Amino acid sequence: MASIDYPLERPDIEDTGWHFAENLYRWIATVDHKKLGLMYIVSALIFLCVAGVMAVVIRLQLAFPNGHVVDPDTYDRLFTMHGTTMVFLVGMPIVAGLSNYLVPLMIGARDMAFPRLNSFGFWIFLFGGLLLYYSYIGGSGLSGAGSAPDVGWFAYAPLTTKSFSRGHSVDYWALGVLVSGFGSIASAINVIATTISLRCPGMTLSKMPMFVWVMLVDAWLILIALPPLSAGQIMLLLDRYLGANFFNTQHGGSAVLWQHIFWIFGHPEVYILIFPAFAILSELVPIFSRKPLFGRPAMVGAVVAIGFISLGVWAHHMFAVGMTSWSNTFFAASSMLVGIPTGIKIFNWTATMYGGRIRLLTPMLFCCAFLLQFLVAGLTGIMLAVAPFDWQLHDSYFVVAHFHFTLAGGLVTALFGGFYYWYPKVAGRMYNETLAKWHFWLFIIGFNLTFIPLHFAGTLGMPRRIYTYAPGRGWEIWNQLASLGALMQAAAVTLFAWNVIYSAIKGEPAGDDPWDAWTLEWGTTSPPPEYNFEKLPVVRSSRPLWDLKHPNDPDWKYE
Amino acid sequence: MAEENVLTAGALTLEQDWKMPDRGTVGIIFLIITETALFSIFVAAYLIYIGKSLVGPYPKDVLELPILATICLLSSSGTIVFAEHALEKGHLGQFKLWWIVTICLGLEFLTATGLEWRKLIVHDHLTISTNLFGTTFYSLVGLHASHVTVGMVFLLLVLAVTLFRFPIETQKRRVKFLSWYWHFVDAVWVVVFTVVYIIGR
Ligand SMILES: [Cu+2]
């Protein structure tokens, strides 16, 4: 269909000076993909701080044996809300926020395919998040039991049934997450329609930036994997409100059914969460190595393969349930299979760096740290995919260390790199490199100090979710190191927040293209105007700005 | 913005030949895919719980084949296509006629479901909390019926604006998307019918 012609001068967006109410209205009523993307990311960062504070309290409680920082009930709520927040209110809006802000710019479009649906998606997500947190006030219910949910982020049945979870805390968990899931679905449909229908002339799928490819497959995974969770939550609510028997073992219902439904969502979800990191690496590593991405077709193939294989591995979370040995074998094998495309990606990023002129600026430092940490996470993942090994370490701190290596050592690390990389585009100003380097070293040392020791604590038998432990089991030293590391990470994130705010006001003007980059978002101003591009670009290769800067040696001659 | 001009220059032919799929079409297709994922979990739960009820009533005792309702719903998929074709050719009168027929068939289906539920609840004392059959039956059939209801709301909306002389011929795309959604709801019914009334009985 024909592209929409935006009038370049719009009286309604003319700058009429700084009026708080007007500005606020502009942000609330906006359907602009960049504003919505930023709102997604800012709310994700706020939730990240909230959940981070919870993590610090958890680490303080566990720093010494027989700790008394919080009582057991509060502790259960802390780890439940920490996990739920990190997955649904940090990870998911980061996916939506990054793809909202960057996908239209990278494919040379003026907005997402459905701008109003986009706005709906953001507000319903935020409403879901606030609904979840309202449980701290409204969760007690008539019987006076409970406030915030305390059933773990996976909310296993039958703990969630009415008889074991009185009050309304589980209802807030189910409804809040269900509602924020609608937002993710809306944004995923939007990303798919945008990438399929709004690419600028010349941008065939083979010339589309790798970032967009990864986010496209990510949106696909959301569409397939999130509805099972919604279905499970609807069943849970039916059980709790109408007395249905889905997970009621007294009536023949099955608690294991919930586990299946949850992990049918839950495993693809970890790929949904990590994909932004893959997307960021695929852009940053080439730019900072001054080489095109190594093995681009293999990268596309790998990400599409993950988009399908990861749908069939869920029961590796359930080896300890007592499934048949055939199921155990199948899911162990498929879990190892999904390691192959992930390995291809790691190999190709490394190969991109090989022989390149590497610029070790902060974004690239974070990418390097990602590669090492994610490799460790992948290796412990393969270990846990071996069913007998998993039986030994299931529900131990080894598992906690493993998935924090994927999500904090993988996702969050790559995200920081991405944030620094696109910061000049979004803010129009450069971040402070010295402060950023301090952030990097403090965070990376703190992270490893927290989570490497937890592998050992887990191997020594420390179970997950315990609120304290007795002295003399050899767990003390590992827990003290971990708690020290947590404080360092908190300090690092504070530096990051300060850098973001300070540089937005006082930073050096960045210019349109501070990194000498190759994708379209660097071809417009920083920050981009509301209509993104004055004229829709036409591209002939996967590195349009390279072609532009090197008219004598353009990429399209070779592609 | 000098860069932009270089970017766009010399590629006019490419620009003119550049055709992309319609975004609404893509959107509705992926909405249907995600809905399919939602239904498949409820269908799977139904299949898993077949024969697992600890107390009666059981499906074979109380369920009757909803033949008429099924015929109505499936044929409404045909009548909505006739309506679409009439709109395509500009025959507004025919469009309205077929549209109203579609609505009537949909309403007949919903009424039949309502009567069936009434019989099950009042006569057979089967509620959602009675046993696993009740739980899975009401949630799966109810999920489908709620989708029929949503479709019905949109069908009525189109009818209402048409009757108020809104130029519906400018909205052919949206009518088409609504019709796709309606086909999807019908296709889901084929699955639900097979699972609930044939396999489950
Ligand atoms: Cu998994």
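The structure this text deals with has already been given above.
Here we summarise the structure given alongside this text. Along every chain, residues carry numbers that run from 1 in the direction the sequence is written. As a convention, the first chain written is A and the first ligand written is 1, with the rest following in written order. Given that the model is predicted, a residue must reach a pLDDT of at least 70 before its local features are reported, and side-chain atom pairs must reach 80 or more before they are shown or counted; all residues, however, enter totals for whole chains, interfaces and linings. Hydrogens and water molecules were not included; the side-chain quantities draw on all heavy atoms of the structure.

On to the overall build of chain A. Within chain A, the secondary structure is distributed over 15 helices and zero strands. Computation of the radius of gyration draws on C-alpha atoms, with the globule rule given as 2.2 Å multiplied by the number of residues to the power 0.38. Expected size for 559 residues packed as a compact globule is a radius of gyration near 24 Å; at 24 Å, chain A falls within 12% of this value. With respect to the three principal axes, the spread of C-alpha positions in chain A is 70 × 50 × 45 Å. Per-residue accessibility, obtained with a 1.4 Å probe over protein chains only, is compared with the maximum for each type, and a residue is labelled buried under 20%, exposed over 50%, and partly exposed between these values. By the burial criterion, 59% of the 559 residues in chain A qualify as buried. Here a helix means four or more residues in a row that DSSP labels H or I, a strand means two or more in a row labelled E, and each is numbered from the N terminus.

Once their charged atoms are close, side chains differing in charge can pair, the charge on each being opposite to the other. Residues and elements named next belong to chain A. Salt bridge, as used here, is a side-chain nitrogen of Lys or Arg placed within 4 Å of a carboxyl oxygen of Asp or Glu. Using the criterion set out here, one finds 13 salt bridges over all chains in the structure. Between Asp395 and Arg465 there is a salt bridge, with its nearest N and O atoms 2.9 Å apart. Of the two residues, Asp395 sits in the loop between α11 (387–393) and α12 (397–427) while Arg465 sits in the loop between α13 (433–459) and α14 (476–506), which places them 70 residues apart along the sequence. A relative accessible area of 29% means that Asp395 is categorised as partly exposed.

This next bit is on the coordination of the copper ion. Residue and element names in this part refer to chain A. For Na, K and Ca the donor cutoff is 3.2 Å, while for all other metals N, O and S atoms count as donors only within 2.8 Å; water does not appear among the atoms, so some sites may look incomplete. Only His267 (ND1), His316 (NE2) and His317 (NE2) from the protein coordinate the copper ion, and they sit 1.8 to 2.0 Å from it. In primary-sequence terms, the residues that donate to the copper ion follow H-x48-H-H. A residue is classified by how much of its surface remains accessible, and His316, at 14% relative accessible area, is buried.

Here the focus is the interface of chain B and chain A. Taken together, the contact pairs 39 residues of chain B with 56 residues of chain A. Any N or O atom pair separated by 3.5 Å or less is treated as a polar contact, with the protein-specific requirement of one donor-capable and one acceptor-capable atom, and with residues adjacent in sequence counted only for side-chain atom pairs. Viewed at the interface, chain A and chain B are joined by 10 residue pairs in polar contact (both at pLDDT 80 or more). Of all elements in the fold, only α1 (2–8), α2 (12–17), α3 (23–49) and α7 (132–163) of chain B reach the threshold of two or more residues within the side of chain B that touches chain A. Ranked by residue count, the leading element in the side of chain B that touches chain A is α3 of chain B, at 15 residues. Working rule for contacts: check all heavy atoms of both residues, and any pair within 4.5 Å makes them a contact.

Turning our attention to the side chain of Thr468 of chain A. All names here are of chain A. Among the secondary structure elements, Thr468 is positioned in the loop between α13 and α14. Engagement of the side chain of Thr468 in a polar contact is seen with the backbone nitrogen of Asn66, the distance being 3.0 Å. Of note is the side chain of Thr468, whose polar atom sits 3.0 Å from the backbone nitrogen of Gly67. Residues in contact with Thr468, not counting those within four places in the same chain, are Gln61, Leu62, Phe64, Pro65, Asn66 and Gly67.

Here the focus is the packing of aromatic side chains. Residues and elements named next belong to chain A. In this scheme Phe, Tyr and Trp rings, the latter by its six-membered ring, pair at centre separations within 6.5 Å, and the angle between planes marks the pair as stacked below 30 degrees, edge-to-face above 60, and tilted otherwise. Applying the stated criterion across every chain, the model contains 67 aromatic pairs over all chains. Between Trp220 and Phe308 the ring centres are 5.6 Å apart and the planes differ by 45°, which places this aromatic pair in the tilted class. Remark: Phe308 occurs in helix α8 (residues 296–309) and Trp220 occurs in helix α6 (residues 210–242); sequence separation between them is 88 residues. Ring geometry for Phe366 against Tyr420: centres 6.0 Å apart, planes inclined by 20°, an arrangement best described as stacked. Pair noted here: Phe366 is in helix α10 (residues 362–385) and Tyr420 is in helix α12, with a separation of 54 residues, a long-range link. Neither residue differs from the other here; Phe366 and Tyr420 are each classed as buried. Here, a charge over a ring means that NZ of Lys or CZ of Arg falls within 6 Å of the ring centre while also lying within 35 degrees of the ring normal. Cation over ring: Lys162 sits above Tyr241, and NZ or CZ is 5.3 Å from the ring centre. Between Arg543 and the ring centre of Trp546, over which it is positioned, the NZ or CZ distance is 4.3 Å.

Residues and elements named next belong to chain A. On the surface, Phe20, Leu24, Ile28 and Trp123 cluster together into a nonpolar patch covering about 390 Å² of accessible area. For the nonpolar patch, the element with the most residues is helix α1 (residues 20–28), which contributes three residues. Here Ile28 lies in helix α1. According to the relative accessible area criterion, Ile28 is partly exposed, its value standing at 44%. Without a salt bridge and with relative accessible area above 30%, a residue can belong to a patch; like charges are then joined within 9 Å and nonpolar side chains (Val, Leu, Ile, Met, Phe, Trp, Tyr) within 5 Å. Per-residue accessibility takes into account occlusion by the displayed protein chains alone, with areas from the Shrake-Rupley method and a 1.4 Å probe.

In this analysis the probe radius is 1.4 Å and the grid spacing 1 Å, with only protein atoms considered; a cavity is a set of points the probe fits into but cannot get out of, a pocket is an open set with protein on both sides within 12 Å along at least five of seven lines, and lining residues have an atom within 4 Å of a point. Grid points are joined across faces, edges and corners, and a volume is the space filled by probe spheres set on the points. Of the pockets and cavities examined, the second largest pocket occupies roughly 1,800 Å³. Taken together, 45 residues line the second largest pocket, and the ones lying closest to its centre are Leu117 of chain A together with Gly27, Ile28, Leu31 and Phe154 of chain B. Listing elements by their share of the lining of the second largest pocket, those giving two or more residues are α4 (115–138), α5 (169–197) and α6 of chain A together with α3, α7 and α8 (172–199) of chain B.

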